[in-house]
Amino acid sequence: QVQLEESGGGLVQAGGSLRLSCAASGRTFSASAMAWFRQAPGKEREFAAAISRNGAHTAYADFVKGRFTISRDNAKNTLSLQMNTLKPEDTAVYYCAARGYNSMFSTTSRDYAYWGQGTQVTVSS
């Protein structure tokens, strides 16, 4: 079982940066592939970034490549998303997600068993 809690969202101007964090509880964090998804008003939840259990492999949605960086610290049970050059279209609730034990990372939301409550990111133009 993994419990997740996001933080770091807020209001930022276009071109600015934010760093999201996800604190995980439970002994299986280092054995779980992790990801960030986002959901804008009136839209479906979409994949943003994913990372393997040891952090060696990452994947990004095309719309965040070169701007966002996903990372993890298994010693601190923490997942992060550094977001640079933010655009108004990045406005959404951002969710941290974890797959099951000994899992490979995935870009599909239904593959993730555990979810945080989300943190709001608002980018003004």
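Structure: see above.
Residues numbered from 1 in each chain as written. Predicted model: local features only at pLDDT ≥ 70, side-chain atom pairs only at ≥ 80, totals over all residues. Heavy atoms only, no water.

Q: It is not clear to me how the nonpolar core should be interpreted in this structure. Could you clarify?
A: Burial of nonpolar side chains together is a common tendency in soluble globular proteins. Counting 34 residues, the largest nonpolar core has Leu4, Met34, Trp36, Leu79, Leu81, Met83 and Tyr94 as the members making the most contacts within it. Elements that contribute at least two residues to this core include exactly strand S3 (18-25), strand S4 (32-39), strand S5 (46-51), strand S7 (68-73), strand S8 (78-83), strand S9 (92-101) and strand S11 (119-124). (Core = buried A, V, L, I, M, F, W, Y, C linked by side-chain atoms within 4.5 Å. Buried < 20%, exposed > 50% of the residue type's maximum accessible area, 1.4 Å probe, protein only. Helix = DSSP H or I, 4+ residues; strand = E, 2+ residues; numbered from the N terminus.)

Q: In this structure, what is going on with the pairing of S4? I would like to understand it.
A: Judged by how many residues are buried, S4 sits mostly within the fold: seven of eight residues are covered. Pairing analysis gives seven bridges linking S4 to S9, with the strands arranged antiparallel. What sits directly across from Arg38, in S9, is Tyr94. For S4 and S5, the ladder comprises five bridges, and the chain directions are antiparallel. Across the sheet, residue Arg38 finds its bridge partner in S5, namely Glu46. Here S4 folds back onto S5 in antiparallel fashion, the turn holding six residues, of which Gly42 has a positive phi close to 75°. (Pairing = 2+ DSSP bridges.)

Q: Quick question: what am I supposed to make of the sheet that holds S7 here?
A: Within a sheet, neighbouring strands are paired by backbone hydrogen bonds and run either parallel or antiparallel to one another. Pairing in this open sheet of four strands is antiparallel, and the strands run S1-S3-S8-S7 from one edge to the other. The open sheet has two free edges, formed respectively by strand S1 (3-7) and S7, since each of these has just one partner strand. Each strand of the sheet is rotated relative to its neighbour by a mean of 15°, with strand direction disregarded. Relative to S8, S7 is paired through six bridges, and the arrangement is antiparallel. Note on S8: the bridge partner recorded for Phe68 is Met83. (Axes fitted to C-alpha atoms, helices over the stretch in contact; angles between N-to-C directions.)

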